[in-house]
Amino acid sequence: MPRLLDFYRNEIVPNLQKKFGYTSVMQVPRIEKITVNMGVGEAAADKKILMNAIGDLEKIVGQKAVSTLARKSIAGFKIREGWPIGCKVTLRRAKMFEFLDKLITIALPRVRDFRGVSAKSFDGQGNYSLGIREQIVFPEIDYDKIDTIRGMDITITTSAKNAKEAFALLRAFNFPFKEKEVS
């Protein structure tokens, strides 16, 4: 059992149940999935770039990545509908908690000039999104073997009804929010 899942069940659920006055443990918000997306616009010109991006993403999350296709043609970007232009992975259950643990304890502290993540990135339905500019903050990526530095978007989908509950859930997981923005 992942460390954070055990921590969630034994520590976070009772605390949130007491804080928000839930009558059942099933009302307590939980993390449903984590989606990691890497947009690779240069992949339209060279397919090898996309393969390298997929390889990096698979090393980071430990699960097979899926290439994403362009929804419509954009002449200004020289992209046609149906061309592969990125990759994504959706994590659930044990792998989701292992990735979240790695993100909070290892990757985010390794970001250059890191002062915390924004507390304003909630979408109103209890989901949180953040962007990472460099994939080299993850320990699985060897700096000498990458072709270029790529960023990624990470979306944490929760069962929370609003941003306040989702913030309390992520704060309970020791998510490193900026102190100035916390209210």
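The text that follows walks through the structure, step by step, so that each part is easy to find. Only a predicted model underlies this, so the values are computations on that prediction, with no experimental measurement involved. (Residues numbered from 1 in each chain as written. Predicted model: local features only at pLDDT ≥ 70, side-chain atom pairs only at ≥ 80, totals over all residues. Heavy atoms only, no water.)

**A look at the overall build of the protein chain**
Within the protein chain one finds four helices and five strands. The principal-axis extents of the C-alpha atoms in the protein chain amount to approximately 55 × 35 × 35 Å. Out of the 183 residues in the protein chain, the part that is buried amounts to 43%. Relative to all contacts within the protein chain whose residues are 6 or more apart in sequence, the contacts with residues 24 or more apart total 66%. Placing the 31 positive and 21 negative side-chain charges of the protein chain at their respective mean positions leaves the two points 4 Å apart. (Helix = DSSP H or I, 4+ residues; strand = E, 2+ residues; numbered from the N terminus. Buried < 20%, exposed > 50% of the residue type's maximum accessible area, 1.4 Å probe, protein only. Contact = heavy atoms within 4.5 Å. Lys, Arg positive; Asp, Glu negative; His and termini not counted. Charge placed at Lys NZ, Arg CZ, Asp CG, Glu CD.)

**Some remarks on helix 1 (residues 3–20)**
Helix length check: helix 1, at 18 residues, gives a terminal C-alpha distance of 24 Å against a target of 26 Å (1.5 Å per residue), a fit within 8%. Roughly 40° is the biggest bend found in helix 1, and it falls at Ile12, with proline Pro14 one to four residues downstream. Along helix 1, the positions that sit buried rather than exposed are Leu4, Leu5, Tyr8, Ile12, Val13, Leu16 and Gln17. At its buried positions, helix 1 is contacted by helix 3 (93–107) and helix 4 (163–172). One or two steps after helix 1, the chain reaches Gly21, where phi turns positive at roughly 70°. (Expected span 1.5 Å × (residues − 1). Bend = angle between axes of the 7 residues up to and from the residue.)

**Focus: the packing of helix 1 against helix 3**
Running from N to C, helix 1 and helix 3 point in directions that differ by 95°, and their axes come no closer than 7 Å. Considered as vectors, helix 1 and helix 3 are oriented roughly perpendicular to each other. Taken together, the residues of helix 3 that come into contact with helix 1 (itself represented by Arg3, Leu4 and Leu5) are Phe97, Leu100, Asp101 and Thr105. Tallied by class, the residues present in the contact of helix 1 with helix 3 amount to four nonpolar, one polar and two charged. (Axes fitted to C-alpha atoms, helices over the stretch in contact; angles between N-to-C directions. Parallel < 35°, antiparallel > 145°, perpendicular 65-115°, else oblique. Nonpolar A, V, L, I, M, F, W, Y, C, P; charged D, E, K, R; others polar.)

**What to know about the environment of Ile85**
Tracing the chain through its elements places Ile85 in strand 3 (residues 84–91). Separated by 17 residues in the primary sequence, Ile85 and Thr68 place their C-alpha atoms 6.1 Å from one another.

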